[in-house]
Amino acid sequence: MKAGVWKDINVIEVEEVPEPQPRPDQVKVKIAYCGICGSDPDIVEGKLPWAGNPPRTIGHEASGTIVELGSDVRRFQVGQRVAVNFMNYCGACYYCRNGMEHFCQKPFFSAKCFADYAVFRDQSVFVLPDNVSLEEGALTEPVSVVLHGIDRANIYPGSSVAVFGAGPIGLLLLQMAIRSGAAKTLVSEPVAEKRMLAKQLGADVVVDPFNENLEEISKQLTDSRGFDTILEASGSVEAARQALFLADNCGTVLWFAVYPADSEIGVPPYHMYFKELTIRSIIMSPYTFPRAVAMLPKLELKPLISEIIPLDDISKAFAIHKKGKAAKILIKP
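Every value quoted in this text rests on a predicted model; they were computed, and no experiment measured them.

Right, let's get into the nonpolar core. Grouped together as the largest cluster of nonpolar side chains are 42 residues, with contacts concentrated most on V143, I155, L231 and F256. Sorting the residues of this core by element identifies β3 (26-35), α3 (140-151), β11 (160-164), α4 (168-179) and α5 (192-200) as the ones contributing at least two each. Here the element with the most residues in this core is α4; it accounts for six residues. W6, V27, A118 and A317 belong to the second-largest nonpolar core, a separate cluster that totals 32 residues.

Structure representation (structure tokens):
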């Protein structure tokens, strides 16, 4: 079968690889679509220390159709349309037993979805609602991570929320914040097309942080108080620091993005003391996949899909992603 293989630093190519076969507790899925996550280019560029080494197949935001069941699998049927979680947890370690499965000490990864087929433990397979397309289903994993972020963001009815970055994650955060009760929303994004999309999806104010005064516009929207919650999803270290100074008293700042491993942000202790701020961060999506699947029909997902590119052109797809103007790019095997 064909697969998108991370060959070397800055090199991803399509190769013929052996077709995987399911073990007794696994499900084999014909991949329909796999999204390019913001972390995928970082993996290919060698920027993520935890990502392992090439060569290997990558890709984890996938949907597809079940084509084969392992001998022990009883919960599914061949032909069902599914979304998949690339993380498999042991369920027995300290973290799994204490509500932190995303820090499982014995995880099993199934991040090999830029391919014709992939296999997953049955615990990581989720049937899609009938009214959700396979294209939309490929966004289940990002939605699940956003749900985890919203759980930690302290958003409540009537609150004010700023989102930094209008990539797929930022636009999902915007939608979830509005559905969580945010009454005033601002999105900061330098790319005009993404600002327009944020406005379409419900942002009250959109700002070009490179050419407009974000601080002044934020004051106008919040009666000079600052935001109750700021969701930093741009990946900019400068934006992550700026968020501390645009938050209201007792505000929450959520650092959502993957930042450079060697970056540091000086946090002023007096400012934190004086404003009683909370800084939070997130990684992955513990226990949120069932809720994410339930939310899929309630979200505007199609506008986030900017391009669908054949697997054979995966190098081209990564080059387009790097330009920063596309929202979500799906790879179609």
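This part covers the pattern of salt bridges. Side chains bearing opposite charge may pair, as long as their charged atoms lie close to each other. Within this structure, the stated rule accounts for twelve salt bridges. A salt bridge links D151 to R291, with the nearest nitrogen and oxygen atoms 3.0 Å apart. Of this pair, D151 sits in helix α3 while R291 is found in helix α9 (residues 289-295), placing the two residues 140 residues apart along the sequence. According to the relative accessible area criterion, R291 is partly exposed, its value standing at 38%. The salt bridge partner of K184 is D223, with a shortest N-O separation of 3.9 Å. Here K184 is found in strand β12 (residues 184-188), whereas its partner D223 is found in the loop between α6 (214-221) and β14 (227-232), with 39 residues between them in sequence.

Topologically, T288 is positioned in the loop between β16 (278-281) and α9. T288 sits in the buried class, given a relative accessible area of 1%. Polar contacts involving the side chain of T288 include one to the main-chain carbonyl oxygen of S144, which spans 2.9 Å. Those residues within four positions of T288 in sequence are excluded, and the remaining contacts are S144, L147, H148 and D151.

Relative to the 16 Å expected for twelve residues at 1.5 Å per residue, α3 spans 16 Å between its end C-alpha atoms, a close match to the ideal helical length. Counting buried residues along α3, eleven of its twelve residues qualify, which places the element largely inside the surrounding structure. When α3 is considered as a whole, its buried residues turn out to be T140, E141, P142, V143, S144, V145, V146, L147, H148, G149 and I150. Looking at the buried residues of α3, the elements they touch are β5 (61-69), β6 (81-84), α2 (134-137), α4, β15 (247-255) and α9.

For the rest of this paragraph, the subject is the environment of Q175. Counting through the fold element by element, Q175 comes out in helix α4. According to the relative accessible area criterion, Q175 is buried, its value standing at 1%. Separated by 27 residues in sequence, Q175 and G202 place their C-alpha atoms 7.3 Å apart. Setting aside anything within four residues of it in sequence, one finds Q175 in contact with L201, L299, E300 and L304.

Let us look at the packing of α3 against α4. To characterise two packed helices, one gives the angle between the axes of the helices and the distance between these axes. At a closest axis distance of 10 Å, the pairing of α3 and α4 adopts a crossing angle of 55 degrees. The orientation of α3 relative to α4 falls into the category oblique. Remark: the crossing between α3 and α4 carries right-handed chirality. Of the residues in α4, those touching α3 at P142, V143, V146, L147 and I150 are I169, L172, L173, M176 and A177. Residues of the contact of α3 with α4, tallied by class, amount to ten nonpolar, no polar and no charged.

Here we come to the packing of aromatic side chains. The final tally for this structure, using the stated rule, is six aromatic pairs. Between F114 and F318 the ring centres are 6.1 Å apart and the planes differ by 75 degrees, which places this aromatic pair in the edge-to-face class. Residue F114 is found in the loop between β8 (108-109) and β9 (117-121), and its partner F318 is found in helix α10 (residues 314-323); the two are separated by 204 residues along the sequence. By relative accessible area, which is 9% here, F318 ends up buried. Taken together, a centroid distance of 5.7 Å and an interplanar angle of 20 degrees make the contact between Y270 and F274 stacked. Of this pair, Y270 and F274 both sit in helix α8 (residues 269-275), separated by four residues, roughly a single helical turn.

A separate point is the sheet that holds β12. Reading across from one edge, β13-β12-β11-β14-β15-β16 is the order of the six strands in this open sheet, with parallel pairing throughout. Each edge of the sheet is formed by a strand with only one pairing partner; in this case those strands are β13 (205-207) and β16. With strand direction ignored, the average angle separating the axes of adjacent strands in the sheet is 15 degrees. Two strands pair when backbone bridges link them, and β15 and β16 are joined in this way by four bridges, in the parallel orientation. Its bridge partner being in β16, L254 is matched across the sheet by R280. Each of β12 and β13 is contacted by α5, which is oriented at about 170 degrees to β13, the strand it contacts most.

Criteria and thresholds
One numbering rule holds for all chains: residues counted from 1, following each sequence as written. It should be noted that, the model being predicted, local features are given only for residues of pLDDT at least 70 and side-chain atom pairs only at 80 or more, the latter also being counted only at that level, while totals for whole chains, interfaces and linings use all residues. Water and hydrogen atoms were dropped before computing side-chain values, which therefore reflect all heavy atoms in the structure. By nonpolar core we mean a set of buried residues, namely Ala, Val, Leu, Ile, Met, Phe, Trp, Tyr and Cys, connected to one another through side-chain atoms within 4.5 Å. Per-residue accessibility, obtained with a 1.4 Å probe over protein chains only, is compared with the maximum for each type, and a residue is labelled buried under 20%, exposed over 50%, and partly exposed between these values. Secondary structure elements follow DSSP: runs of H or I no shorter than four residues count as helices, runs of E no shorter than two count as strands, and numbering proceeds from the N terminus. The salt bridge criterion pairs a side-chain nitrogen of Lys or Arg with a carboxyl oxygen of Asp or Glu, the two atoms within 4 Å. Polar contacts, as used here, are pairs of N or O atoms within 3.5 Å; protein pairs need one atom able to donate a hydrogen and one able to accept it. Residues neighboring in sequence count only if both atoms are side-chain atoms. Between two residues, a contact is recorded if the distance between any of their heavy atoms is within 4.5 Å. What a helix is expected to span follows from its residue count: subtract one and scale by 1.5 Å. Helix axes use the C-alpha atoms of the stretch in contact, all axes being lines fitted to C-alpha atoms, and the angles between their N-to-C directions lie in the range 0 to 180 degrees. To sort the angles, those under 35 degrees are grouped as roughly parallel, those over 145 as roughly antiparallel, those from 65 to 115 as roughly perpendicular, and the leftovers as oblique. Left-handed describes a crossing whose near helix is turned anticlockwise from the far helix through less than a right angle; right-handed describes the clockwise counterpart. Throughout, the ten residues Ala, Val, Leu, Ile, Met, Phe, Trp, Tyr, Cys and Pro are labelled nonpolar, Asp, Glu, Lys and Arg are labelled charged, and all others, Gly among them, are labelled polar. Two rings belonging to Phe, Tyr or Trp (six-membered ring only in the last case) form a pair when the distance between their centres is within 6.5 Å. Interplanar angles under 30 degrees mark stacking, angles over 60 mark edge-to-face geometry, and anything in between is tilted. Only when DSSP finds a minimum of two bridges between them are two strands counted as paired.

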